[in-house]
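# Chain and residue survey
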Amino acid sequence: MSSFSQLSPAQALTQLRSLRQGITNEEARQRLIQYGPNVLKKVGKKAAWQKFVEQFSDPMIILMIVAGLLAWFLGSTRDAVILLGIVLINAIIGFIQEYKAENVIASLQSFLTPQAKVMRKGQQLEIPAAELVPGDIVLLSEGDAVPADIRLLTINNLATNDFSLTGESNPKTKFIHELSKLEPLGRQDNQVYLGTTIARGNGCGVVYATGMFTEIGKIAAITAEVGNDASPLQKEIANIAVRLTILSLSLAGIIFSLNLLQNNPVQASLLAALGIAAAMVPQGLPAQLSVTFSLGASRLAAQKAIVKQLYSVETLGSTTIICSDKTGTITTNEMTVQHIWQDGKDYAVDGIGYEPKGTIAKGSSIDEKLLLSGALAATGNIAEPDEKHRHWYALGDPTESALVTLARKAGIDVNKVRRDWQEVQQYPFDSVRKMMSSVRKVPGTKSKYIVFLKGSLPAVLAISKLTIAKQKSIKEASNTYTEQCLRVLGMAYREIDGKELANLTMATVEQGMKFLGFVAMVDPPRVGVRDAIAQARAAHLRTFIITGDQAETAKAIAKNIGLDQNQALTIVNGDELPQLSDAELKEKLVLPAIIFARTSPEDKLRIVKLLREQGNVVAVTGDGVNDAPALKQADIGVAMGRIGTDVAKEAAEIVLTDDSYVTLVTAIKEGRTIFTNLRKTLFSTLSSNCGELTAVLASAVLYIFGYPAAIFAIHILLVDLVGEMLPLMALTFDPAPNDLMRRKPRSLNDHFLTIKNILDVGYAGLFMGGIAVFNFLWFLDRANYTPGTVLTLDNPFYLRALTLTYVTIMLGQFANILSRRHETESIFSRYFWSNPKLLGAIIMSLGLMCLVIYTPFLQPYLRTANLHFSDWLYGCLGFVGMVAAHELRKLWRRRKLSKLST
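Residues numbered from 1 in each chain as written. Predicted model: local features only at pLDDT ≥ 70, side-chain atom pairs only at ≥ 80, totals over all residues. Heavy atoms only, no water.

## Considering the sheet that holds strand β22 (residues 618–622)
Read across the sheet, 8 strands follow the order β8-β24-β23-β22-β9-β19-β21-β20 without closing on themselves; strand pairing throughout is mixed. Because the sheet does not close on itself, it has two edges, and the strands there are β8 (305–307) and β20 (569–573). Shown here is a sheet whose adjacent strand axes are inclined to one another by a mean of 20°, direction ignored. Bridge count between β22 and strand β23 (residues 636–640): 4 bridges; the pairing is parallel. Looking at the pairing, Thr-621 lines up with Val-638 of β23. Where helix α20 (residues 551–560) meets the sheet, it contacts β19 (542–546), β20 and β21 (593–597), and its direction lies at approximately 160° from that of β20. With respect to the sheet, helix α25 (residues 661–704) is in contact with β8, β9 (321–324), β19, β22, β23 and β24 (654–656), its orientation differing from that of β9 by roughly 160°. (Pairing = 2+ DSSP bridges. Helix = DSSP H or I, 4+ residues; strand = E, 2+ residues; numbered from the N terminus. Axes fitted to C-alpha atoms, helices over the stretch in contact; angles between N-to-C directions. Contact = heavy atoms within 4.5 Å.)

As structure tokens, then:
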């Protein structure tokens, strides 16, 4: 069978059982069942069982599995069950959180679904691209993403950006005639393909392939999934896990050897070594990390930022530079006409966005042809709010949609006018002419026609019948608006008769025009951008604007949003960049604020690459296919959810569903908050492990002097599983410190286990474990215990002493968690009450701890016994001691900071 490129438009329609007015909705539903949705399947997606198995690959988890199997082999069934049970619980929690994160992304795909304009039985509709089927007639306009593989039927100066498919950077001009032979994909220029975009012009075509049957779908089907590099935080956590594993094995080996030297049985020696392993490994950490990032991703999703890779949230918090688009990210990408200028008079227009609600200044006598030129020399339109759009929205080019809104504000029924004024010929906008014209038949006449034209003011003036003086005065008038960051478009028309139709060309039509006036419109900054820019500056983040727009427009917007406040604003034009060497460009990249205007995708990629070479952490926003290289090159690629192409979204780590710079700054703050809370979680976990290790090592020393063990592996596991798991997860909800967005970004070279942090953890751990062992010995002393007396594990007195050790460590850990919430501020402050979830989690953990202690059938298994009220009072020494230890440390830090500030 011939390729569709070898078929004429009529033959293609016949083979696809379609018509130029489109298929019916019923036929479309049947074909959707037959061919499936127009989506690309996730290639190489791991099965659920594979994801579950991956939960057991962490070094700490592997050590726990080995320890559990060893305990089982030695006959310590209870320790084995607890150890392996914790491993299983960790795996389940990690799997569930990963699954929930995927569901969050999947549930928000509706925000990312591209739309397509189609003809169904002669009626133009906008539908989700996923619902396209072979045989659908699709309308294509400049700036559109091509929603499927399409055989072109009609075109007007149509060209596409095919970079994503063919690698060719220059737009490809299209035609509609059939090919005599099958050509390579890059030469089949009577077709357009999914994943490409319309560079200029417009046209329509018939869909012949959707989803995985498209050219990009075929490539996806044979492409293996490429694994993502581990984030800096993942590498850091893995490094900690390896160090802890090596240290625990080394200490376990020493304890085992010392026990053998004291002629202890092998089994008892191994069990003692097992206690070391259990004390050193933070069993709950893998689950806590999964929960931390999943909850952070969920919060960001609620704030309109979809995180595709959980660990990228933390990297986002380390951002030092934001390279942002202008249109749609800093501005609303909703053009609004604010002024009409005609015959030296200004007429203000109120109303915002595309809603046709507003008025033109009273007493205006605007020539209707000016309004008709904007509405008829255009293909764009506007649509009412619907299920997917909260407000009126643009169909097609935003500028043309703004002109349609203007006409409707003046009471013109644009859809009726377009039907009544039959279009004979259209000459689409291109970047050379910078104008668009439409030849229309005057309603009710036989041979009278009008050419309606709109375009850039200089281009329109150049083809209008005006004196030089008049042109000069019009240009001077327009400068008033351009200085206010308004875009000016000129309107003109001329009448022609039927005799001229036979010899119509673009050159003959667009001449001798009668100038009507101009409109001034604006794409206003988004609400909150100015405050977000100030917040980013306070957080030591630099913002660079990289735009394809003119430097003057970008500069005006930059001043409007305060980008130049208290800092010089540097502008680099696209034609300057190739002249700068990498060294010269790097000199500019250290400046506080830069606008890169009229840039190409290659320029953007080069800028990002050089910024990273300077040691910056770069977040880049992008929406187009050609932005994909820069998004991949960046530390954090941020794609636009509304206007972004699928290629950009695939290349990015984060997708903004509202396309807003404000949301990006919010996401950076969330990233910083997550990292801050993660530090608290990690240091709290390691402190309790150090406390447990202190108790175990102290027990080993006391054993030499005839004392029994103060703690067993089972109690250590109860601390990690029953005691601290819930509070550490709740720590994720700690609010951001007030000064968080005034701090400098974290360096990716900063490590958790610095000498300072190790000493800090050791300091807290020694207090925690030391108080627990002291309480144990004090209890034995109060009971008149004599060293050397054998105490068996069925002795209620001994079980009560062991339980007191467990309770002391647990209460100490609660104090440790609460105290670590702030580096220098006392625990006795308003911040104490700022996270009710944490306080609730501690209360729940206390309840679980009592359940473990006082449930009769659990006591023999968990080696616990009922505590008296007085025992709890002694156990509270753990809480009071840890609070005192941290308060002393914070007091020392506050004094040190006070001395530094003076």
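So much for the structure itself; the text now carries on.
## What to know about the sheet that holds strand β17 (residues 487–497)
An order of β11-β10-β18-β17-β16-β15-β14 is seen for the 7 strands of this open sheet, with the pairing classed as antiparallel. Two strands in the sheet have a free side with no partner beyond their single neighbour: β11 (345–348) and β14 (423–427). Each strand axis lies, on average, 20° off the axis of its neighbour in the sheet, ignoring direction. Relative to strand β18 (residues 514–522), β17 runs antiparallel, the two being bridged by 7 bridges. Looking at β18, one finds that Met-491 is bridged to Gly-517. Together, β10 (336–342), β11, β17 and β18 form the strand contacts of helix α17 (residues 468–482), whose direction differs from that of β18 by roughly 10°.

## Overview of the confidence of the model for the protein
Averaged over the protein, the pLDDT score is 83; the fraction of residues at 70 or greater is 87%. Of the regions scoring below 50 in pLDDT, residues 104–113 engages in 15 contacts with residues more than four places distant in sequence or in other chains. Low confidence marks residues 222–228, where pLDDT is under 50. Its contacts with residues over four positions away, or in another chain, come to 5 contacts. (pLDDT = per-residue confidence, 0-100.)

## Remarks on the pairing of strand β1 (residues 115–120)
With 5 of 6 residues buried, β1 lies mostly within the body of the structure. The antiparallel hairpin formed by β1 and strand β2 (residues 123–128) contains 2 residues in its connecting segment, where Lys-121 sits at a positive phi of about 55°. Here β1 runs beside strand β3 (residues 137–140); their pairing, made up of 3 bridges, is antiparallel. Looking at the pairing, Lys-117 lines up with Leu-139 of β3. (Buried < 20%, exposed > 50% of the residue type's maximum accessible area, 1.4 Å probe, protein only.)

## Description of the nonpolar core
Membership of the largest hydrophobic core comes to 49 residues, with the highest contact counts inside it found for Ile-654, Tyr-661 and Phe-752. If one sorts the elements of this core by residue count, α25 sits on top with 11 residues. Filtering out sequence-adjacent residues up to four positions away, Tyr-661 remains in contact with Ile-322, Ser-324, Thr-329, Ile-330, Ala-532, Ile-533, Ala-536 and Thr-543. By size, the runner-up hydrophobic cluster in this structure holds 38 residues, among which are Ala-764, Leu-818, Ile-827 and Ile-842. (Core = buried A, V, L, I, M, F, W, Y, C linked by side-chain atoms within 4.5 Å.)

## Quick look at the pairing of β23
Along β23, 5 of the 5 residues are buried, which leaves the element largely enclosed by surrounding structure. Taking every second residue as pointing to the same face, both faces of β23 are buried, with Ile-636, Val-638 and Met-640 on one and Gly-637 and Ala-639 on the other. Inspection of the sheet shows β23 paired to β24 by 3 bridges, in the parallel sense. The residue bridging Ala-639 from the neighbouring strand is Val-655, located in β24.

## What to know about the pattern of salt bridges
Taken as a whole and assessed by the stated rule, the structure comprises 22 salt bridges. Among the salt bridges present, the one from Asp-420 reaches Lys-416, with a minimum N-O distance of 2.7 Å. Placement of the pair is Asp-420 and Lys-416 together in helix α15 (residues 414–420), with a separation of 4 residues, close to one helical turn. For Asp-871, the salt bridge is made with Arg-800, and the minimal N-O distance between the two is 2.7 Å. Taken together, the positions of Asp-871 in helix α32 (residues 869–901) and Arg-800 in helix α29 (residues 796–819) put the pair 71 residues apart, joining distant regions of the chain. Each member of the pair, Asp-871 as well as Arg-800, carries the same accessibility label: buried. (Salt bridge = Lys/Arg side-chain N within 4 Å of Asp/Glu carboxyl O.)

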